[in-house]
Amino acid sequence: MRWSFLVALCWAVLLFLMLPTLVAMPLSVTPNRYLSLPTDGISFQHYETLFGDEQWRSAMLQSLGIGLAVTALSVALGTLAAIGLWRLSSALGEFARMLALAPLIVPPVVSALAFYRFFAGIGLLDSFAGVILAHTLLAAPYVLVTVSAALASVDPRQDQASRSLGASQSQTIRWVILPQILPGILAGGVFAFLTSWDEIVVTLFIAARAVYTLPRKMWDGINERVDPTIAAAATVLFAVTLLLVILQILRAGREPAATDREVAP
């Protein structure tokens, strides 16, 4: 009974947190040209605008391209940092880990101001390189966390045994360590993509017109004219996020079963 109550409470909290997002779904199919509930039928005209209008389509493609680039860079940096800190295992390593996780603690507006001042001096404002770099610095800590959690279950003696048998450091990482921490790497990649896909605060500070992501387009749409296309874009953002999370959950659910089959006699 107590366990059932806790499960029900968790679902209630989850639905409460998701309610503001779910409200955007009916608003996105309103037949009106302003935000309202579809009382006189439904219409997908705003989705047609979202995918047919050149500005909206360009904003989605830019967000997708930036997100994929940020994911690749974040996975590489976060994974290598996690492996290095795992091998270091000292007070200095823990201090370096704390510094690497600082973007998770610092308020986004503070990070945005710092990026703005720094990028203004090196000419990276309103550039794809600047946005990708900023998003990578914000997303890499998530990869560091998930990969570090995966490395906690890896026996350090495997690394020593591999090196003693003649494997180089790169071979040990590639053939011994990476296969065991792959679930953590994939989970970190999902979080890195979602961090870039949804980021708005930093982008508002360091991008103007040359870089125009989907969240930036939605923000400008709210300021200029409350268009129901914004609700359609919010629904698409939510759908992509939910899809990636579900895929990650399904993959994580299959992982124990695969492990059991490998060790079964």
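Please read these numbers as outputs of a predicted model, since none were measured by experiment.

Undergrad: Could you give an account of unusual backbone geometry, naming the residues involved and the relevant values?
TA: The phi angle at Asp-126 is positive, at roughly 55°, despite the residue not being glycine. Mapping Asp-126 onto the fold places it in the loop between helix H6 (108-122) and helix H7 (128-151).

Undergrad: So what's going on with the pattern of salt bridges? Residues and values would help.
TA: Using the criterion set out here, one finds 5 salt bridges in the structure. Between Asp-155 and Arg-157 there is a salt bridge, with its nearest N and O atoms 2.8 Å apart.

Undergrad: Describe the environment of Ser-28, with residues and values.
TA: For Ser-28, the location among the structural elements is in helix H1 (residues 2-28). Taking the relative accessible area as the measure of exposure, Ser-28 reaches 0% and is therefore buried. It is 10.0 Å that separates the C-alpha atoms of Ser-28 and Val-236, two residues lying 208 residues apart in sequence. Aside from chain neighbours lying at most four places away, what touches Ser-28 is Ser-43, His-46, Tyr-47, Pro-228, Ala-231, Ala-232 and Thr-235. A polar contact is formed between the side chain of Ser-28 and the side chain of Tyr-47, at a distance of 2.7 Å.

Criteria and cut-off values
- Residues numbered from 1 in each chain as written.
- Predicted model: local features only at pLDDT ≥ 70, side-chain atom pairs only at ≥ 80, totals over all residues.
- Heavy atoms only, no water.
- Helix = DSSP H or I, 4+ residues; strand = E, 2+ residues; numbered from the N terminus.
- Salt bridge = Lys/Arg side-chain N within 4 Å of Asp/Glu carboxyl O.
- Buried < 20%, exposed > 50% of the residue type's maximum accessible area, 1.4 Å probe, protein only.
- Contact = heavy atoms within 4.5 Å.
- Polar contact = N/O pair within 3.5 Å; in protein donor to acceptor, adjacent residues only side chain to side chain.

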